[in-house]
Amino acid sequence: MNSNYTRIFSGSFISVQTIVNQLREIGIVPVIKDESESGRLAGFGSAIQGNQEIYVHADELGKAQSIVQKVIGN
């Protein structure tokens, strides 16, 4: 992944979608990485099903982290 992007969350599809929707509401467009889906599309399997990662641009990191904390409750 480009060094201008930072992973802010890794978890289930449902948690990721909740966070992504809230990020988009404040104008942040995240990048979602899904190894299992990428492997499936390439014809390979994955041991970890449904685990996704959210990345945001370094300029948006502070705002994005506050959204993640609000959603996951930490």
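Since we're looking at a predicted model, the values are computed, not measured.

Draft legend 1. Layout of the overall build of the protein chain. Counting secondary structure elements, the protein chain contains three helices and three strands. Reading the protein chain from its N end, one meets helices and strands in the order β-α-β-α-β-α. Within the protein chain, the fraction of its 74 residues that count as buried is 27%. Contacts spanning at least 24 positions in sequence make up 71% of the contacts within the protein chain whose residues lie at least 6 apart.

Draft legend 2. Structural context of the environment of Tyr 55. Locating Tyr 55 in the fold gives a position in strand β3 (residues 51–57). For the pair Tyr 55 and Val 29, spaced 26 residues apart in sequence, the C-alpha separation works out to 9.2 Å. In this structure the side chain of Tyr 55 is engaged in a polar contact, spanning 2.8 Å, whose partner is the side chain of Glu 53.

Draft legend 3. Inspection of the environment of Ser 3 at higher detail. Mapped onto the elements, Ser 3 comes out in the segment before β1 (5–12). Linking Ser 3 and His 57, residues 54 residues apart in sequence, is a C-alpha distance of 9.0 Å.

Draft legend 4. Representation of helix α1 (residues 13–25). In this model α1 runs 18 Å from its N-terminal to its C-terminal C-alpha over 13 residues, within 8% of the 18 Å that 1.5 Å per residue would give. As for α1, its buried residues are in contact with β1, β2 (31–33), β3 and α3 (61–72).

Conventions and cut-offs
Residues numbered from 1 in each chain as written. Predicted model: local features only at pLDDT ≥ 70, side-chain atom pairs only at ≥ 80, totals over all residues. Heavy atoms only, no water. Helix = DSSP H or I, 4+ residues; strand = E, 2+ residues; numbered from the N terminus. Buried < 20%, exposed > 50% of the residue type's maximum accessible area, 1.4 Å probe, protein only. Contact = heavy atoms within 4.5 Å. Polar contact = N/O pair within 3.5 Å; in protein donor to acceptor, adjacent residues only side chain to side chain. Expected span 1.5 Å × (residues − 1).

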